[in-house]
Amino acid sequence: MTTLSGRRTPRILAAATVTAGLLLMTACTKTDDSGGAKTAGGVPLAKAGQLTTCTHLPYPPFQSEIDGKVQGFDVSLIDLVAKDLGVKQAILDTPFENFKTGAFLNSGECDLAAAGMTITEERKKNVDFSAPYFDATQAVLVDKNAGVGSLADIKAKKVKLGAQAQTTGEDYVKKQGFDPVSFESSDAVLNGLRTGQVKAVVIDYPVVQGWLKDKANAEAFKVVGNLNTGEQYGFTVKKGNAKLVAAINKAIADAKADGTYKKLYEQWIGPYDPAVASPSAPAAS
């Protein structure tokens, strides 16, 4: 997922902690000679006592603001990393283009970015990725009255197609010869479909899963295809921050081993499919 929104300014938001008993333990934090904060494990932090996460809202079910707090699958996983480091997670809502360049990581405003971010070779030039934590497919979602049953139908019948601006989904359909209507966010894509601006969209399947839980949406719209574009999501850190990458990877591996990952997956995304949820190939940093 990639979102472009240059008009927004960063804002600090509270993260809802899903792990009971997550406390701020200042005793586990020390300050180095340069004034920067470090955890007891030696992981450098942007601010003492907290793991600062950059994200871009909304992107349910991975992160969205619910009852005044940012919650979701990504948030829950990074809460586990923060707990291991003996700190709490703080979330900064920022434009997504900063993630691609690593700007907020390089400036020291954030420790990591968590935004349903697809691992690509181009992005690896600017940031280091964690191991992949989620395999993502693209869904072809259509108005039931559009009379189409596939992406090929959409092209043949010249049905207006929408996609999120500057995403891998948009890139995919452009390569297939489409000229999609671009929307700024996943919410805007789905609203465009709901209001008839477009009759079909290509968007990340986990987003569709959550959206179709609403009965009214399920009655009016349907998935007519899943596009396996080989996408995997990863968390990003400033290039060279190997210790934080290792901490993230350990938390993900531990969560998969003890059943926490499965529990969080079912809470935020839906029925757990190990073949989809557990990528086999690690991402190179």
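Calculation notes
- Position numbers for residues count from 1 along each chain, tracking the sequence in the order it is written.
- The model is predicted, so local features are restricted to residues of pLDDT at least 70 and side-chain atom pairs to those at 80 or more, both for listing and for counting; the totals for chains, interfaces and linings are taken over all residues.
- Side-chain calculation: all heavy atoms of the structure are included, whereas hydrogens and water are not.
- Numbering of helices and strands runs from the N terminus; a helix is a DSSP stretch of H or I covering at least four residues, while a strand is a stretch of E covering at least two.
- Burial status follows relative accessibility: with a 1.4 Å probe on protein chains alone, a residue under 20% of its type maximum counts as buried, one over 50% as exposed, and anything between as partly exposed.
- The contact criterion used throughout is that any non-hydrogen atoms of two residues lie within 4.5 Å.
- The protein chains shown are the only cover counted for residues, whose accessible areas, like all others here, come from Shrake-Rupley with a 1.4 Å probe.
- Grid points spaced at 1 Å over the protein atoms alone were grouped into cavities, where a 1.4 Å probe fits but cannot get out, and pockets, open sets with protein on both sides within 12 Å along at least five of seven lines, with lining residues defined by an atom within 4 Å of a point.
- Grid points are joined across faces, edges and corners, and a volume is the space filled by probe spheres set on the points.
- Residues were grouped as follows: Ala, Val, Leu, Ile, Met, Phe, Trp, Tyr, Cys and Pro as nonpolar; Asp, Glu, Lys and Arg as charged; and all remaining residues, including Gly, as polar.
- The set of buried Ala, Val, Leu, Ile, Met, Phe, Trp, Tyr and Cys residues whose side-chain atoms join them within 4.5 Å is what this entry labels a nonpolar core.
- Nitrogen and oxygen atoms within 3.5 Å of one another constitute a polar contact, given that in protein one can donate a hydrogen and the other can accept it, and given that sequence-neighbouring residues count only through two side-chain atoms.
- Each salt bridge in this description consists of a side-chain nitrogen of Lys or Arg and a carboxyl oxygen of Asp or Glu lying within 4 Å of one another.
- By definition, the arc is the one covered by directions from the helix axis to the C-beta atoms.
- For two strands to be treated as a pair, DSSP must find at least two bridges joining them.
- Note on method: axes are straight lines fitted to C-alpha atoms, helices fitted across the in-contact stretch only, with angles between N-to-C directions ranging 0 to 180 degrees.

Enquirer: How should the overall build of the protein chain be read in this particular structure?
Expert: From N to C terminus, the protein chain includes 12 helices and 16 strands. The burial tally for the protein chain puts 51% of its 285 residues in the buried class. At a minimum sequence separation of 6, the contacts of the protein chain that also span at least 24 residues come to 72%. With an accessible surface of roughly 12,400 Å², the protein chain has 51% of that area assigned to carbon and sulfur atoms.

Enquirer: Mind showing me how you'd approach the layout of surface pockets here?
Expert: Picture a little ball the size of a water molecule; that probe, rolled over the atoms, points out where space is still empty. Computed from the structure, the largest pocket encloses a volume of approximately 190 Å³. Pro44, Leu45, Ala46, Leu105, Asn106, Ser107, Gly108, Cys110, Asp111, Lys238, Lys239 and Asn241 together form the lining of the largest pocket. Contributions of two or more residues to the lining of the largest pocket are made by β4 (44–45) and α3 (103–106). Taken together, the residues of the lining of the largest pocket break down into 5 nonpolar, 4 polar and 3 charged.

Enquirer: When you look at the nonpolar core in this model, what are you seeing that I'm missing?
Expert: The tendency in soluble globular proteins is for nonpolar side chains to be buried as a group. If you look at the biggest cluster of nonpolar residues, it comprises 46 residues, and the most contacted ones within it are Leu51, Phe73 and Phe134. Counting residues per element, the ones that place at least two in this core are α1 (73–85), β11 (134–143), α7 (186–194), β14 (200–204), α8 (205–211), β15 (221–233), α10 (242–258) and α11 (260–268).

Enquirer: Even after reading the chapter, I still don't get empty space enclosed by the protein, so can you show me in this structure?
Expert: Under the definition given, this model contains 2 cavities of 30 Å³ or more. Computed from the structure, the second largest cavity encloses a volume of approximately 30 Å³. Residue assignment for the lining of the second largest cavity shows that the elements contributing at least two residues are β5 (50–55), α1 and β8 (88–93). Within the lining of the second largest cavity, the residues separate by chemical class into 4 nonpolar, 4 polar and 1 charged.

Enquirer: I'm lost on the side chain of Thr118 in this one. Help?
Expert: Its place among the elements puts Thr118 in the loop between β9 (112–113) and α4 (121–124). At a separation of 3.0 Å, a polar atom in the side chain of Thr118 contacts the side chain of Glu231.

Enquirer: I would appreciate a short explanation of the pattern of salt bridges in the present structure.
Expert: It is possible for side chains of opposite charge to pair when their charged atoms get near one another. The tally for this structure, following the rule as stated, stands at 7 salt bridges. With a closest N to O distance of 3.0 Å, Lys239 and Asp128 form a salt bridge. Of the two residues, Lys239 sits in the loop between β16 (236–238) and α10 while Asp128 sits in strand β10 (residues 127–129), which places them 111 residues apart along the sequence. Between Lys174 and Glu170 there is a salt bridge whose closest N-O contact spans 3.9 Å. Of the two residues, Lys174 and Glu170 are both situated in helix α6 (residues 168–175); the distance of 4 residues between them amounts to about one turn of the helix.

Enquirer: In this structure, what is going on with α7? I would like to understand it.
Expert: Looking at α7, one finds that the buried residues are Ser186, Val189, Leu190, Gly192 and Leu193. Along the axis of α7, the buried positions cluster into a sector of 155°, meaning they face one direction only. The elements touched by buried residues of α7 are β11, β12 (161–164), β13 (181–183), β14, α8 and β15.

Enquirer: I tried to follow the pairing of β11 on my own but got confused; where do I start?
Expert: Residues in a regular strand point their side chains to alternate faces of the sheet. Across the 10 residues of β11, 8 count as buried, placing the element largely inside the fold. As judged from the 9 bridges shared by β11 and β15, these two strands associate in the antiparallel manner. Counted as the bridge partner of Val140 is Gly225 from β15. The pairing of β11 with β14 spans 5 bridges and is classified as antiparallel. Residue Leu141 lies in a different strand from β14, and its bridge partner there is Val201.

Enquirer: What am I meant to see in the sheet that holds β14 here?
Expert: One key point about sheets: their strands pair by backbone hydrogen bonds, in either a parallel or an antiparallel sense. Across the sheet, which stays open at both edges, the 5 strands sit in the order β13-β12-β14-β11-β15 with mixed pairing between neighbours. Across the chains shown, the open sheet's two edge strands, defined by having one partner strand only, are β13 and β15. Averaged over all pairs of adjacent strands, the angle between their axes in this sheet comes to 25°, without regard to strand direction. In terms of strand pairing, β12 meets β14 through 3 bridges, oriented parallel. Considered in β14, the bridge of Ala163 is made with Val202.

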